[in-house]
Amino acid sequence: MATVLSVSGSPSATSRTAHLLRHLDERLTDQGHEVISLDVRTLPAEALLGADFSHPAIAAATALFDRAEGVVIGTPVYKAAYSGVLKALLDLLPQHALAGKTVLPLATGGTTTHVLAIDYALRPVLSSMGAGHIVQGWFTLDKDIAVGDDGVVTVARDTAESLARVVDRFSEALGGRTALLAGVGGPP
Ligand SMILES: Cc1cc2nc3c(=O)[nH]c(=O)nc-3n(C[C@H](O)[C@H](O)[C@H](O)COP(=O)(O)O)c2cc1C
């Protein structure tokens, strides 16, 4: 089984992207992977905005990427592309920080107008960082992700099935137990 780093690139304190990723982390854990979560918004802003490569928090984040065999990168679509805070972190990582790693790109957005943002915006960045294998990603509409007062995440049924498929393909690429488990939080 693999070590997976699950990175949320939303600056929002109530991020649907982060909730969705933490929800999908459970599926990967059930499939035997060790999952480490990282919310970029928790990293020090002065380090991100000041390009402080030597900041201990940036060094620690870099070490997490180094350790992972698989990386989930989740971002909200902002202005037709990935978020600025995600790019700020990626810019501080070594050029080939994703070399030899399997990567699952995920995005959330408010409109299907930007459903291809993963492919035209995020994927080229991940490739430039040496990602060995970028599996099929998925764009999820924000309205399809509900977060209860208790933090429980519910995903619309069709979307949940699609997400389960891309997560399982990612898991398979990492050598995980897959495909035998039920869906990811859609209504019965
Ligand atoms: C500043 C800003 C810009 C946005 N731009 C887009 C956009 O260009 N296309 C889109 O589909 N959604 C856009 N949205 C909607 C978000 O992508 C969507 O609500 C997303 O799920 C938010 O994720 P989060 O809660 O993790 O931050 C934008 C939202 C904000 C706050």
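Parameters at a glance
- Residues numbered from 1 in each chain as written.
- Predicted model: local features only at pLDDT ≥ 70, side-chain atom pairs only at ≥ 80, totals over all residues.
- Near = placed C-beta within 6 Å.
- Helix = DSSP H or I, 4+ residues; strand = E, 2+ residues; numbered from the N terminus.
- Nonpolar A, V, L, I, M, F, W, Y, C, P; charged D, E, K, R; others polar.
- pLDDT = per-residue confidence, 0-100.
- Contact = placed C-beta atoms within 7 Å.
- Expected span 1.5 Å × (residues − 1).
- Buried ≥ 20, exposed ≤ 12 C-beta atoms within 10 Å, placed from the backbone.

Looking at an unreviewed UniProt entry, one finds the chain named NADPH-dependent FMN reductase and attributed to Streptomyces albipurpureus.

Please clarify how the site of the ligand should be interpreted in this entry.
Neighbouring the ligand are 17 residues; Ser10, Ser15, Thr17, Pro76 and Gly109 lie closest to it. Those elements that provide at least two residues to the shell around the ligand are helix H1 (16-30) and strand E4 (102-109). Per-element tally for the shell around the ligand: the top contributor is H1, with three residues. Residues belonging to the shell around the ligand are distributed by class as follows: five nonpolar, nine polar and three charged.

Just to check I follow, could you spell out the confidence of the model for the chain for this structure?
Caution is warranted with low-pLDDT regions, since their predicted coordinates should not be read in detail. Scored by pLDDT, the chain has a mean of 94; 93% of the residues are at 70 or more. Contacts from residues 179-183, a stretch scored under 50 in pLDDT, to residues over four places away or in other chains number six contacts.

Whenever I open this one, the environment of alanine 107 confuses me. Can you help?
Inspection of the secondary structure assignment puts alanine 107 in strand E4. Separated by 15 residues in the primary sequence, alanine 107 and leucine 122 place their C-alpha atoms 9.3 Å from one another. The contact partners of alanine 107, leaving out residues within four places of it in the chain, are Thr75, Val77, Ala117, Ile118, Leu122 and Phe139.

Help me out: how do you make sense of helix H6 (residues 157-173) in this one?
Each full turn of the α-helix corresponds to 3.6 residues, which orients residues three or four apart in the same direction. With 17 residues, H6 ought to run about 24 Å at 1.5 Å a step, and its terminal C-alpha atoms sit 24 Å apart, in line with that. All buried positions along H6 are accounted for by Thr159, Ala160, Ser162, Leu163, Ala164, Val167, Asp168, Phe170 and Ser171. Once H6 ends, the next one or two residues include glycine 175, with phi positive near 85°.

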